[in-house]
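Coordinates in review
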Amino acid sequence: MNKTNKKGLFANMSVQNKHSLLRMAVAIAIGLALATVLIFMTAELPGVALKYFFTAPLQDWSYFSFWIQKAVPIIFTGTAVCIMFSANQFNLGLEGAFLLGGFFGGALVNIYVAPGNPALGIPLGCLVGGVVGALITFIPAILERLFNASVMVTSLMMNYICLWLSTFLLFSVFKDPKTSKSTYSWASANKEIMVTKFNLDNGKLTIFYSLIIALIVVVIAWFFLYRSKTGFKLRQVGENKNFAKYVGLSVGSLAIIAQLIGGFIAGLGGACEIMSLYTNYRWVELTGFGWDGVTMAVFAKNNPRNVPLAALFIAYLRAGAYVMSIKCGIQVDMTKIVEAVIILFLLAEKFLSKTYRKMIIAEAEKERAERAAAAAKLEG
């Protein structure tokens, strides 16, 4: 075993990465401590409530499946935001991309193009959802390129355009008259086309095919950003736009590429979500998964490789809070407070800054001692 392996992975990390992990751990600890305090203040049986909050997803297969279900869509949107934020593009249109990706790709394709044929409907629905999502984020991108319109403002407006467009089409064209606010079904009841369910002794386990697709997307996104020339150029634009222009990179084109890819991933996620959870389309309000993607990107530091862990952590809290709200009557919105507190500390630049300086000094003294020892050994 070589010296590197003996030291271990953590010992070989840079001081900056160690400090980032420490900040993350402390922020999470503060958030969980706050959750514990809130539960003690509001629950009649705080011990029972805490048990559900911290362990519910591991108690039976139904809760476990619910945990994974909560994680899948934010893996998609988190990865999409990582791509765009790496290029310093604050396109916030993923809400609309996710919504219309689900409407056109997940629903209409399976109802009118490939009815009763999931072997065709699933891949075609994913493709159409992705293309629609890319179009949604492309519109603010091209408006910025041509007219210098703020991409943040126009993308926010696109979300509501997408919402009311889908609502109008749903109620005026595609609604099943037998229902109050949903389309015709593309499968029989409780027969979602992108899941497999198993009845086990300890609950019902659901296998989501969309999870496999989401993880494949994460791998491809990471390779694109960190192992491809275009990804490298895109990150250079994000790190220093002026320098990227100076060395001859097409900053405008790379910005549009980043937003197209982000929109495609979000639209793909919307199609997968619809086909995994429902047998008809019923979204009449924004899902919130686009905003969750921003949270995932903050946790993951714009690296797609870290998105699944961040999504599983947030989904675990949400699943536990949901079960706790059902069993103990505590508001599920408590998790939003916890998430906000964690993000607040992660974004605070001076949080644990003194600790960072101490770590740098300690690392420098350690290296100096090692050099002195090596020099003494050579002299001896």
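Preceding this section is the structure that the text describes.
Overview of the structure. In this text the structure is predicted, and so the values were computed from the model without any measurement. Positions within a chain are numbered from 1, following the residues in the order the chain's sequence is written. Local features in this predicted model are restricted to residues of pLDDT 70 or higher, and side-chain atom pairs are both shown and tallied only at a pLDDT of 80 or more, whereas totals for entire chains, interfaces and linings draw on every residue. Think of the side-chain values as coming from all heavy atoms in the structure, minus any hydrogens and water.

This part takes up the overall build of the protein. The way it works is that DSSP assigns letters per residue, a run of H or I at least four long becomes a helix, a run of E at least two long becomes a strand, and they are numbered from the N terminus. Counting secondary structure elements, the protein contains 15 helices and two strands. Here the C-alpha coordinates of the protein stretch approximately 90 × 60 × 40 Å along the principal axes. Relative accessibility thresholds used throughout: buried, under 20% of the residue-type maximum; exposed, over 50%; partly exposed, between the two (1.4 Å probe, protein chains only). Looking at the protein residue by residue over its 380 residues, the buried ones come to 47%.

Bringing the pattern of salt bridges into the picture now. Any two side chains of opposite charge can pair if their charged atoms end up close together. For salt bridges, the criterion is a side-chain nitrogen of Lys or Arg within 4 Å of an Asp or Glu carboxyl oxygen. In total, this model carries three salt bridges according to the counting rule given. Among the ionic pairs, E339 bridges to R318, the shortest N-O distance being 2.9 Å. Remark: R318 occurs in helix 13 (residues 307–328) and E339 occurs in helix 14 (residues 334–347); sequence separation between them is 21 residues. The burial state of E339 is the same as that of R318; both residues are buried. A network of salt bridges, in which partner residues are shared, links D292, R318 and E339.

Okay, the pairing of strand 2 (residues 203–208) next. When DSSP locates at least two bridges between a pair of strands, those strands are taken to pair. Bridge analysis of strand 1 (residues 195–200) against strand 2 gives six bridges, and the strand direction is antiparallel. When the bridges of strand 2 are listed, N199 appears paired with K204. Here strand 1 folds back onto strand 2 in antiparallel fashion, the turn holding two residues.

Only residues whose relative accessible area exceeds 30% and that form no salt bridge enter a patch; like-charged residues are grouped when within 9 Å of one another, and nonpolar side chains (Val, Leu, Ile, Met, Phe, Trp, Tyr) when within 5 Å. The Shrake-Rupley method, run with a 1.4 Å probe, gives the accessible areas here. Residue values count only the displayed protein chains as cover. A cluster of nonpolar side chains, namely F90, M152, V153, M157, Y160, I161 and W164, defines an oily patch on the protein surface of about 720 Å² accessible area. Its location among the elements puts F90 in the loop between helix 4 (61–86) and helix 5 (94–113). Judged by its relative accessible area of 35%, F90 is partly exposed.

Every helix has an expected span of 1.5 Å times one less than the residues it contains. For helix 6 (residues 118–147), which comprises 30 residues, the first-to-last C-alpha distance of 42 Å matches the rise-based estimate of 44 Å (1.5 Å per residue) to within 8%. Taken as a whole, helix 6 carries its principal kink of about 30° at F138; the proline P140 stands between one and four residues after it. The positive-phi residue at the C-terminal boundary of helix 6 is N148, with phi of around 60°. Working definition for bend: take the seven residues up to and ending at a residue and the seven starting at it, fit an axis to each, and measure the angle between the axes.

Turning next to the packing of helix 4 against helix 12 (residues 289–300). Angles shown run from 0 to 180 degrees and are taken between the N-to-C directions of axes, each axis being a line fitted to C-alpha atoms and, for helices, limited to the stretch in contact. Interhelical geometry of helix 4 versus helix 12 gives an angle of 65° and a closest axis separation of 7 Å. When the axes of helix 4 and helix 12 are compared, the crossing they make is right-handed. For the pair formed by helix 4 and helix 12, the contact residues are P73, I74, T77, G78, V81, C82 and F85 on the first element and F289, G290, D292, G293, V294, M296, A297 and A300 on the second. Under this grouping Gly is polar, as are all residues other than the nonpolar Ala, Val, Leu, Ile, Met, Phe, Trp, Tyr, Cys and Pro and the charged Asp, Glu, Lys and Arg. Classifying every residue of the contact of helix 4 with helix 12 gives ten nonpolar, four polar and one charged. Crossings are sorted by hand: turned counterclockwise from the far helix by less than a right angle, the near helix makes the crossing left-handed, and turned clockwise it makes it right-handed. The contact rule is simple, with two residues in contact once any of their heavy atoms fall within 4.5 Å.

Bringing the side chain of T167 into the picture now. Along the chain, the position of T167 falls in helix 7 (residues 151–174). You can call T167 buried: its relative accessible area is 12%. A distance of 2.8 Å separates a polar side-chain atom of T167 from the backbone oxygen of L163. Definition of a polar contact: a pair of N or O atoms within 3.5 Å, with one able to donate and the other able to accept a hydrogen when the atoms are protein atoms, and with sequence-neighbouring residues admitted only if both atoms are side-chain atoms.

Let's shift gears to the nonpolar core. Residues I39, F53, F76, F103, Y281, F299 and M324 are the most contacted members of the largest nonpolar core, which totals 95 residues. The element best represented in this core is helix 4, accounting for 15 residues. Leaving out residues up to four positions away in the same chain, F299 has contacts with M24, A310, F313, I314, I342, I343 and L346. To form a nonpolar core, buried Ala, Val, Leu, Ile, Met, Phe, Trp, Tyr and Cys residues must be joined to one another through side-chain atoms within 4.5 Å. Ranked by size, the runner-up nonpolar core spans five residues in total, among them V237, A244, L249 and L254.

Positive phi outside glycine occurs at K301, with the angle close to 55°. As for its placement among the helices and strands, K301 is situated in the loop between helix 12 and helix 13. With relative accessibility at 48%, the residue K301 sits in the partly exposed group. Positive phi, close to 65°, is recorded for N302, a residue that is not glycine. Structurally, N302 can be placed in the loop between helix 12 and helix 13.

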